[in-house]
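# Report on the structure
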Amino acid sequence: ITKICLWQNIQKSSLLNSLLSNIQIYIETVQPLIKTVINGLNATVFAYGPTGTGKTYTMLGNQETYGLNVLAIKDLFKCIENDNDNNYEIFITYV
């Protein structure tokens, strides 16, 4: 028996304007990954930079503004809710 593994590695590195809103950042960087995840592949969103540059706010948001994590989870569950043909098992890790 021959086992064939296909690894799809999609990398996008972006330097984003500090004036963009979380929703604008989400649409440009994370939203395209939702379809990938719905199709059974994994996705990772990683924010990095110096202390005090807004990584936590961008990823988590606050009471008034959703962060990328919340926006992604909302879209993910919206897609699942609209799909009556498949069953889904979801695993989320947050470090």
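The coordinates are above.
A short tour of the structure in this document, coming up.

Cut-offs used in this document
- Residues numbered from 1 in each chain as written.
- Predicted model: local features only at pLDDT ≥ 70, side-chain atom pairs only at ≥ 80, totals over all residues.
- Heavy atoms only, no water.
- Core = buried A, V, L, I, M, F, W, Y, C linked by side-chain atoms within 4.5 Å.
- Buried < 20%, exposed > 50% of the residue type's maximum accessible area, 1.4 Å probe, protein only.
- Helix = DSSP H or I, 4+ residues; strand = E, 2+ residues; numbered from the N terminus.
- Contact = heavy atoms within 4.5 Å.
- Expected span 1.5 Å × (residues − 1).
- Arc of directions from axis to C-beta.
- Axes fitted to C-alpha atoms, helices over the stretch in contact; angles between N-to-C directions.
- Parallel < 35°, antiparallel > 145°, perpendicular 65-115°, else oblique.
- Left-handed = near helix turned anticlockwise from the far one by under 90°.
- Nonpolar A, V, L, I, M, F, W, Y, C, P; charged D, E, K, R; others polar.

## Quick notes on the nonpolar core
Proteins that are soluble and globular tend to have nonpolar side chains buried together. Ranked by size, the top nonpolar core spans 8 residues in total: I25, Y26, V30, I34, M59, L68, L71 and A72. Contributions of two or more residues to this core are made by α1 (22-38) and α3 (68-81). For this core, the element with the highest residue contribution is α1, accounting for 4 residues. The contact partners of L68, leaving out residues within four places of it in the chain, are N22, I25, Y26, V30, T58 and M59.

## Section: α3
The terminal C-alpha atoms of α3, which comprises 14 residues, lie 20 Å apart, in line with the 20 Å expected from a rise of 1.5 Å per residue. Taken residue by residue, α3 has L68, L71, A72, D75, L76 and I80 as its buried positions. Projected onto a plane normal to the axis of α3, the buried residues spread over an arc of 165° and lie on a single side. For α3, the elements touching its buried residues are α1 and α2 (55-60).

## Digging into the packing of α1 against α3
Two numbers describe a pair of packed helices, the interaxial angle and the distance between the axes. Axis separation between α1 and α3 bottoms out at 9 Å; the angle between their running directions is 40°. Classified by the angle their axes make, α1 and α3 are oblique. In the crossing of α1 with α3, the sense of the turn from one axis to the other is right-handed. Here N22, I23, I25, Y26, V30, Q31, I34, V37 and I38 of α1 come into contact with α3, specifically with L68, L71, A72, D75, L76, C79 and I80. Here the contact of α1 with α3 is built from residues that sort into 13 nonpolar, 2 polar and 1 charged.

Remember that the coordinates give geometry; whether it matters functionally is a separate question.
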